[in-house]
Amino acid sequence: LGLPQRAFSTIHVAGTNGKGSVCSMLESVLRASGRHTGIYTSPHLVEPTERVRIGGQIVSSDDFTSAFAEVHRTAERLIADGSIDMHPSYFETITAMAYLLFRSHGVDTVVLETGMGGRLDATNVVDPILSVITPIDFDHERYLGDTIPKIAHEKAGIIKPGRPVVFARQRPEAQAVLERTAIENESPVIRAADWVAQDLHLHAYGSRFTAEGPASIPIESRLIGAHQVDNALTAIAALDHLGIPPQFISQGIAAARWPGRLEHVSSKPDIFLDGA
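The numbers attached to residues start from 1 for each chain and follow its sequence in the written order. In keeping with the model being predicted, local features are shown solely for residues with a pLDDT of at least 70 and side-chain atom pairs are shown and tallied solely at 80 or more, while totals for entire chains, interfaces and linings include all residues. Derived side-chain values reflect all non-hydrogen atoms in the structure, with water molecules and hydrogen atoms excluded from consideration.

Novice: An account of the pattern of salt bridges is requested, with residue identities and associated values reported.
Specialist: The working definition used for a salt bridge is a side-chain nitrogen of Lys or Arg within 4 Å of a carboxyl oxygen of Asp or Glu. Tallied over the entire structure, the rule returns eight salt bridges. With a shortest N-O distance of 3.5 Å, E173 and R171 are connected by a salt bridge. We call a residue buried when its accessible area falls under 20% of the maximum for its residue type, exposed when it is over 50%, and partly exposed in between, using a 1.4 Å probe and counting protein chains only. For R171, a relative accessible area of 31% puts it in the partly exposed group. Taken together, the shared-partner salt bridges connect D137, R171 and E173 into one network.

As structure tokens, this is what we get:
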């Protein structure tokens, strides 16, 4: 396909909990700051087109279809000439489609969520400007391993030589693996733990606090739950490292939405939709 993943800058996000929320906040802030953004997430709630967004908008069915046709046609040609032994999987296919769509739409910065693990994930062909690892817990144990260190080893596979990485607060046994991998790759580490939420007000529709760290940034978030405060601090650590001004961080996090996760869908009476 001509290495479409090299046509834009990438922030690569792995972890067990909070990947999608962190990706949503990162993309929203980058877009608020004037970047032409793309975001790739999974799974989808209703339509597979939701997995690929450009400038905050879901790609059209026509664009999605034409990208599939190109990937499928290429795969069939490679199978016919013996270059590959089988058609790419569903996830591999949509990942390749996303790269094509981002390139064709001239996106400059992509927020890329891993599908499973990291080391062997289809997204892990990028050379990111920044990697982000959200809290690691037990997930996909059949594929990633049955202990936290084994799972952390797979997630740490997105840490690239010399490229900076942001670590969310982690279990000690996961942190040890991540720190060791960062040292081996000579990757500068940015820690979300260097940021704290001061004057925190949690309520049924989100939160309000001041993110205190290398800067002081007022935050209002409509992502609901105490865990979303930690997710916001992880995103803020990444964005501050990228040099995004505080006013855009405030503006973008306030605008961030993540459907299906304690999503407020109706009032009087209040109704919340959650995918748990």
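Novice: Mind laying out the packing of helix α1 (residues 19-32) against helix α7 (residues 226-241), listing which residues take part and the relevant values?
Specialist: Only the stretch in contact is used when a helix axis is fitted, and all axes are lines through C-alpha atoms; the angle between N-to-C directions ranges over 0 to 180 degrees. Secondary structure elements are defined from DSSP: runs of H or I of at least 4 residues count as helices, runs of E of at least 2 residues count as strands, and each element is numbered from the N terminus. For the pair α1 and α7, interaxial distance at closest approach is 9 Å and the crossing angle is 45°. Comparing their axes, α7 and α1 come out oblique. Of the two elements, α1 crosses α7, and the hand of that crossing is right-handed. From α1, S21, V22, M25, L26, V29 and L30 reach across to α7, where they touch Q228, N231, A232, T234, A235, A238 and L239. Asp, Glu, Lys and Arg are counted as charged, while Ala, Val, Leu, Ile, Met, Phe, Trp, Tyr, Cys and Pro are counted as nonpolar; the rest, among them Gly, fall into the polar class. Looking at the contact of α1 with α7, its residues break down into nine nonpolar, four polar and no charged. Geometric relationships in this document are graded by angle, where less than 35 degrees denotes roughly parallel, more than 145 denotes roughly antiparallel, 65 to 115 denotes roughly perpendicular, and other angles denote oblique. Throughout, a crossing is termed right-handed when the near helix is turned clockwise from the far one, and left-handed when it is turned anticlockwise from it by less than a right angle. Only heavy atoms matter for contacts: two residues are in contact if any of them lie within 4.5 Å across the pair.

Novice: Go over a nonpolar patch on the surface with me, naming the residues and quoting the values.
Specialist: Patches here are clusters of residues that have more than 30% relative accessible area and form no salt bridge, with a 9 Å joining cutoff for like charges and a 5 Å cutoff for nonpolar side chains (Val, Leu, Ile, Met, Phe, Trp, Tyr). Computed with the Shrake-Rupley method and a 1.4 Å probe, the accessible areas treat only the protein chains shown as cover for residues. Taken together, Y205, L262 and F272 make up a surface patch of nonpolar side chains, about 250 Å² in accessible area. Position of F272 relative to the elements: it lies in strand β13 (residues 271-273). According to the relative accessible area criterion, F272 is partly exposed, its value standing at 34%.

Novice: Before we move on, can you summarise the packing of helix α2 (residues 61-80) against helix α3 (residues 90-104) with the specific residues and values?
Specialist: Running from N to C, α2 and α3 cross one another at 115°; their axes reach a closest spacing of 9 Å. The angle between α2 and α3 places the two elements in the roughly perpendicular class. Like other packed secondary-structure pairs, α2 and α3 cross with a definite hand, here right-handed. Contact residues: D63, F64, A67, F68, E70 and V71 in α2; T93, I94, A96, M97, L100 and L101 in α3. Residue composition of the contact of α2 with α3, grouped by class: nine nonpolar, one polar and two charged.

By themselves, these are just geometric observations and shouldn't be taken as functional.
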